[in-house]
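What follows is each chain in one-letter form.
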Amino acid sequence: MKTEKTRGTMLTSSAVILSLVTFVAGFVGGSMVAEHKAGQRGEAVVSGGPAPVAAASSQDEHIRHLREEAMQEPGSAERWTRLGNACYDAGDTGGAIEAYQASLRLEPGNADVRTDMGNMYRMQGDAVRAVECYDEALRVQPGHRNAVFNKGVTLLLDMEQPEQAMAFWRSVLEKEPEFTLSSGELLKKALPALATDAALQLEAHGRRETALRAYAEALKLDEAFAPALVHRAWLLENMGRPAEALPLWQRVLEMYPDATDPDGKPVRDRIKQ
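As the structure is a prediction and not an experimental result, all values here were calculated from the model. (Residues numbered from 1 in each chain as written. Predicted model: local features only at pLDDT ≥ 70, side-chain atom pairs only at ≥ 80, totals over all residues. Heavy atoms only, no water.)

Chemist: Pulling in residues and values, what's your account of helix H11 (residues 242–255)?
Modeler: Owing to its 3.6 residues per turn, the α-helix aligns residues three or four sequence positions apart on the same side. Across its 14 residues, H11 extends 20 Å between first and last C-alpha, which sits within 8% of the 20 Å expected from 1.5 Å per residue. All of the buried residues along H11 are Ala245, Leu248, Trp249 and Val252. One side of H11 carries all its buried residues, which in axial view fall inside an arc of 105 degrees. Set apart from the buried face of H11 by more than 90 degrees, the exposed residues are Ala243 and Glu254. On its buried face, H11 is in contact with helix H10 (226–238) and helix H12 (267–272). (Helix = DSSP H or I, 4+ residues; strand = E, 2+ residues; numbered from the N terminus. Expected span 1.5 Å × (residues − 1). Buried < 20%, exposed > 50% of the residue type's maximum accessible area, 1.4 Å probe, protein only. Arc of directions from axis to C-beta. Contact = heavy atoms within 4.5 Å.)

Chemist: Kindly report on the pattern of salt bridges, identifying the contributing residues and their values.
Modeler: Under the counting rule described, the total for this entry stands at 19 salt bridges. The shortest N-O distance in the salt bridge between Asp135 and Lys151 comes to 2.7 Å. Separated by 16 residues along the polypeptide, Asp135 in helix H5 (residues 127–140) and Lys151 in helix H6 (residues 145–158) bring together distant segments of the chain. Judged by its relative accessible area of 33%, Asp135 falls in the partly exposed class. Its salt-bridge partner being Arg241, residue Glu209 comes within 3.6 Å of it at the nearest N-O pair. Taken together, the residues Glu209 in helix H9 (residues 208–221) and Arg241 in the loop between H10 and H11 connect sequence positions 32 residues apart. Overlapping salt bridges bring together Glu61, Arg64 and Glu68 as one network. (Salt bridge = Lys/Arg side-chain N within 4 Å of Asp/Glu carboxyl O.)

Chemist: Give a description of the side chain of Thr115 that names residues and reports values.
Modeler: Along the chain, Thr115 turns up in helix H4 (residues 111–123). The buried category is assigned to Thr115, whose relative accessible area is 1%. A polar atom in the side chain of Thr115 sits 2.8 Å from the backbone oxygen of Ala111. Once you skip the residues sitting within four places of it in the chain, Thr115 turns out to touch Tyr134, Ala137, His144, Asn146, Ala147 and Asn150. (Polar contact = N/O pair within 3.5 Å; in protein donor to acceptor, adjacent residues only side chain to side chain.)

Chemist: Could you give an account of unusual backbone geometry, with specific residues and numbers?
Modeler: Despite not being glycine, Glu160 has its phi angle at roughly 50 degrees, a positive value. As for its position among the elements, Glu160 is in the loop between H6 and helix H7 (162–175). Note on Glu160: relative accessible area 23%, which makes it partly exposed.

Chemist: Describe the packing of aromatic side chains, and please don't skip the residues or the numbers.
Modeler: Counting across every chain of the model gives one aromatic pair. When the ring of Phe149 is compared with that of Trp169, the centres are 5.6 Å apart and the planes differ by 45 degrees; the resulting orientation is tilted. With a gap of 20 residues between them, Phe149 in helix H6 and Trp169 in helix H7 connect regions that are remote in the sequence. A single burial state applies to Phe149 and to Trp169, both of which are buried. Over the aromatic face of Phe168 sits the side chain of Lys151, whose NZ or CZ is 4.3 Å from the ring centroid. (Phe/Tyr/Trp six-rings, centres within 6.5 Å; stacked < 30°, edge-to-face > 60°. Lys NZ or Arg CZ within 6 Å of the ring centre and 35° of its normal.)

Chemist: Describe the nonpolar core, listing the residues and the values that go with them.
Modeler: Judged by nonpolar contacts, the single largest core of 69 residues is most densely connected at Leu83, Trp169 and Leu187. Broken down by element, the residue count for this core peaks at nine residues, all from helix H8 (residues 187–204). (Core = buried A, V, L, I, M, F, W, Y, C linked by side-chain atoms within 4.5 Å.)

Chemist: Tell me about the packing of H8 against H9, and please be specific about residues and values.
Modeler: The N-to-C vectors of H8 and H9 enclose an angle of 170 degrees; their axes lie 8 Å apart at closest approach. In terms of orientation, H8 lies roughly antiparallel with respect to H9. Residue-level contacts link Leu191, Pro192, Ala195, Thr196, Ala199, Leu200, Leu202 and Glu203 of H8 to Thr210, Ala211, Ala214, Tyr215, Ala218 and Leu221 of H9. (Axes fitted to C-alpha atoms, helices over the stretch in contact; angles between N-to-C directions. Parallel < 35°, antiparallel > 145°, perpendicular 65-115°, else oblique.)

Chemist: Now, about the packing of H7 against H8: what can you tell me, with residues and values included?
Modeler: To characterise two packed helices, one gives the angle between the axes of the helices and the distance between these axes. It is the contact of H7 with H8, at a shortest axis distance of 11 Å, that shows an interaxial angle of 170 degrees. Looking at the two axes, H7 sits roughly antiparallel to H8. Of H8, the residues touching H7 (which contributes Met166, Trp169 and Leu173) are Leu187, Lys188, Leu191 and Ala195. For the contact of H7 with H8, the residue count by class is six nonpolar, no polar and one charged. (Nonpolar A, V, L, I, M, F, W, Y, C, P; charged D, E, K, R; others polar.)

Chemist: Requested: an account of the side chain of Ser103, with residues and values cited.
Modeler: With respect to the helices and strands, Ser103 occurs in helix H3 (residues 93–106). Overall, Ser103 belongs to the buried group, its relative accessible area being 0%. In this structure the side chain of Ser103 is engaged in a polar contact, spanning 2.7 Å, whose partner is the side chain of Thr81. Setting aside anything within four residues of it in sequence, one finds Ser103 in contact with Ala77, Trp80, Thr81 and Val113.

Read these as geometric descriptors, not functional statements.
Now the structure itself:
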């Protein structure tokens, strides 16, 4: 078994995790991060437009070369994995899945490849098959960092199941309280921010009820987590439920007397209303 890669698409927290890239699985345009194999892929960045023709041509040529090598040596799992990784980087989900399947037929116990294939299914919008891949990766390698994280993210965002996502992550922490992400961040410390960021994404895409549930999950983890308090209160007010929002505003004001709402207005003014 090779050492664990740091590939994989993962949700970002503005407070605790990494850099932003395009969220192409479920909600196009939302924030998330991609952790990649050090020295091989680097961090993905937000696309500012189409790639230069020369760069795209070079990438296509590289993939064509890797495919030829894999076909010449079809019994090499490593060659199929390299092809899959190149297709992954190019955003060719179908090509990546096909290559990863070939690799896994030869080395079915490779949790890294299984997780990467799950990411490709997720990018195709097939959350169910993505979770199946993550589960299989975790079966052969319990505690695989990216499989753990990406399964939770997929449940949270793509399948809109914040309670199940948090329950899954808590089950991981029960077995390994100091579980760390590939970034080195402790999962237990990251969870409130992750749930809140997911709620913001859900809210931005009109999933307001699910967003409320995600904010609630963040507050179950940390009842004083100010971002969740503020944004849940704000959303409740926008949904015409000010009576439910008021206790949250009061809690924010108790902790931070000079706090402002998302519009930059003093929270104390909302209490006076």
